[in-house]
Amino acid sequence: MIELYGRVNSVNVWKTLWVLEELGQPYERQDAGMEHGVVDTPAYRALNPNGRIPSLRHDGVELWESNSICRYLCMMVGGDARGLYPEAAGARASVDRWLDWQLSTLSPAERDLFWNMVRTPEAKRDMAAVAAAVKNSARCWAILEARLDDGRPFIEGETFTLADIVLGCYARRWFGPEVQQRGMPKFPRLAAWYARLGEREGFQKWIAPPLF
């Protein structure tokens, strides 16, 4: 049985839960992080010395870092993982670059938007940081808007892949009513892509609920 550790209001845990749903894999999840604690216990630190979430244990494999966990789940299933992770080297690398881009570029750009608007009491919000995060995030989303310019339904073309899952989780934090600011740029192709993601069961179950 796959053992997953992490709370359901973490964007990084969302990714893994959505992948598990798409792959139809059974798993057990234990709450960990923030109000749930666990992450500072010796047993958890032995699994993940960073004390962060998610972490995974399966068949002798112990992993942390959400994108690595997502890749592992796809490779564990084998083949192209129901289309999520193409077998051809070029196609797989094309998916991988979006996962790396999320870590290196998108996540740092949008962090202050989410943390101020969702995790910070209104009286303590840094609205200058929010404005900067909107501007920086918009630059990132403009790249994806251009990527979708040729009419492709998903990031890599006709097939829904791991890239859509990982970036779709962050799109939830851009399009969500919880973070909306006056004057936020409109991205029609991105919005249409996001609507397609919203039709998937994994999205509806784990990504769509209110942010908290």
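Every value quoted in this text rests on a predicted model; they were computed, and no experiment measured them.

Let's talk about the overall build of the protein
Phase 1: Tallying secondary structure elements over the protein gives 8 helices and 4 strands in all.
Phase 2: Compactness check: the protein gives a C-alpha radius of gyration of 17 Å against a globular reference of 17 Å for 212 residues, within 12% of the reference.
Phase 3: When the backbone C-alpha atoms are referred to their principal axes, the protein occupies close to 50 × 45 × 25 Å.
Phase 4: Scored against the burial criterion, the 212 residues of the protein give a buried share of 49%.
Phase 5: Long-range pairs, those at least 24 residues apart, make up 66% of the contacts in the protein with a sequence separation of at least 6.
Phase 6: Carbon and sulfur atoms make up 51% of the accessible area of the protein, which amounts to about 10,000 Å² in all.
Phase 7: Within the protein, the 27 negative side-chain charges are centred at a point lying 6 Å from the centre of the 26 positive side-chain charges.

Looking at the packing of aromatic side chains
Phase 1: Across all of its chains, the model carries 9 aromatic pairs by this definition.
Phase 2: With a centroid separation of 6.0 Å and 75 degrees between ring planes, the pair formed by Tyr-5 and Tyr-44 is classed as edge-to-face. You can see Tyr-5 sitting in strand β1 (residues 2-5) and its partner Tyr-44 sitting in helix α2 (residues 42-47), a full 39 residues away along the chain. This pair shows no difference in class: Tyr-5 is buried, exactly as Tyr-44 is.
Phase 3: Within the aromatic cluster, the residues linked to one another by ring pairs are Trp-18, Phe-154, Phe-160, Phe-175, Tyr-194 and Phe-203.
Phase 4: The ring of Phe-114 has Arg-173 sitting right over it, with the charged end atom 3.8 Å from the ring centre.

Some remarks on the pairing of β1
Phase 1: Pairing analysis gives 4 bridges linking β1 to strand β2 (residues 27-30), with the strands arranged parallel. Its bridge partner being in β2, Tyr-5 is matched across the sheet by Gln-30.
Phase 2: Bridge analysis of β1 against strand β3 (residues 55-58) gives 3 bridges, and the strand direction is antiparallel. Following the sheet pairing, Glu-3 is matched in β3 by Arg-57.

Topic: the pattern of salt bridges
Phase 1: Following the criterion strictly, the structure yields 14 salt bridges and no others.
Phase 2: Notably, a salt bridge pairs Glu-21 with Lys-205, separated by 3.1 Å at the nearest N-O pair. Placement of Glu-21 in helix α1 (residues 11-23) and of Lys-205 in helix α8 (residues 201-207) is noted, with a sequence separation of 184 residues between them.
Phase 3: Close ionic contact of Glu-110 with Arg-173 constitutes a salt bridge, the shortest N to O distance being 2.3 Å. Within this pair, whereas Glu-110 is found in helix α4 (residues 89-118), its partner Arg-173 is found in helix α6 (residues 162-175), the two being separated by 63 residues in sequence. The exposure classification of Glu-110 matches that of Arg-173, with both residues buried.
Phase 4: Salt bridges sharing common partners tie together Glu-3, Arg-57 and Glu-62.

Focus on the layout of surface pockets
A water-sized probe rolled over the atoms picks out the places where empty space is left.
Phase 1: Roughly 650 Å³ of volume is contained in the largest pocket.
Phase 2: Lining the largest pocket are 27 residues, and of these Ser-10, Val-11, Asn-12, Arg-52 and Ile-53 lie nearest its centre.
Phase 3: When residues of the lining of the largest pocket are traced back to their parent elements, those giving at least two are α1, α4 and α6.
Phase 4: The greatest single-element share of the lining of the largest pocket, amounting to 7 residues, is contributed by α4.

Overview of the sheet that holds β3
Phase 1: The strand order β2-β1-β3-β4 describes an open sheet built from 4 strands, whose pairing is mixed. Here the strands that pair on one side only, and so sit at the sheet edges, are β2 and β4 (61-64). Averaged over all adjacent pairs, the angle separating strand axes in this sheet is 15 degrees, with direction ignored.
Phase 2: Relative to β4, helix α3 (residues 66-77) is tilted by about 140 degrees, and along the sheet it contacts β1, β3 and β4.

Parameters and conventions
Residues numbered from 1 in each chain as written. Predicted model: local features only at pLDDT ≥ 70, side-chain atom pairs only at ≥ 80, totals over all residues. Heavy atoms only, no water. Helix = DSSP H or I, 4+ residues; strand = E, 2+ residues; numbered from the N terminus. Rg over C-alpha atoms; globule rule 2.2 N^0.38 Å. Buried < 20%, exposed > 50% of the residue type's maximum accessible area, 1.4 Å probe, protein only. Contact = heavy atoms within 4.5 Å. Areas by Shrake-Rupley, 256 points an atom, 1.4 Å probe, with all protein chains shown as cover. Lys, Arg positive; Asp, Glu negative; His and termini not counted. Charge placed at Lys NZ, Arg CZ, Asp CG, Glu CD. Phe/Tyr/Trp six-rings, centres within 6.5 Å; stacked < 30°, edge-to-face > 60°. Lys NZ or Arg CZ within 6 Å of the ring centre and 35° of its normal. Pairing = 2+ DSSP bridges. Salt bridge = Lys/Arg side-chain N within 4 Å of Asp/Glu carboxyl O. 1 Å grid on protein atoms, 1.4 Å probe; cavity = no way out; pocket = protein on both sides within 12 Å on 5 of 7 lines; lining within 4 Å. Points joined across faces, edges and corners; volume = space filled by probe spheres on them. Axes fitted to C-alpha atoms, helices over the stretch in contact; angles between N-to-C directions.

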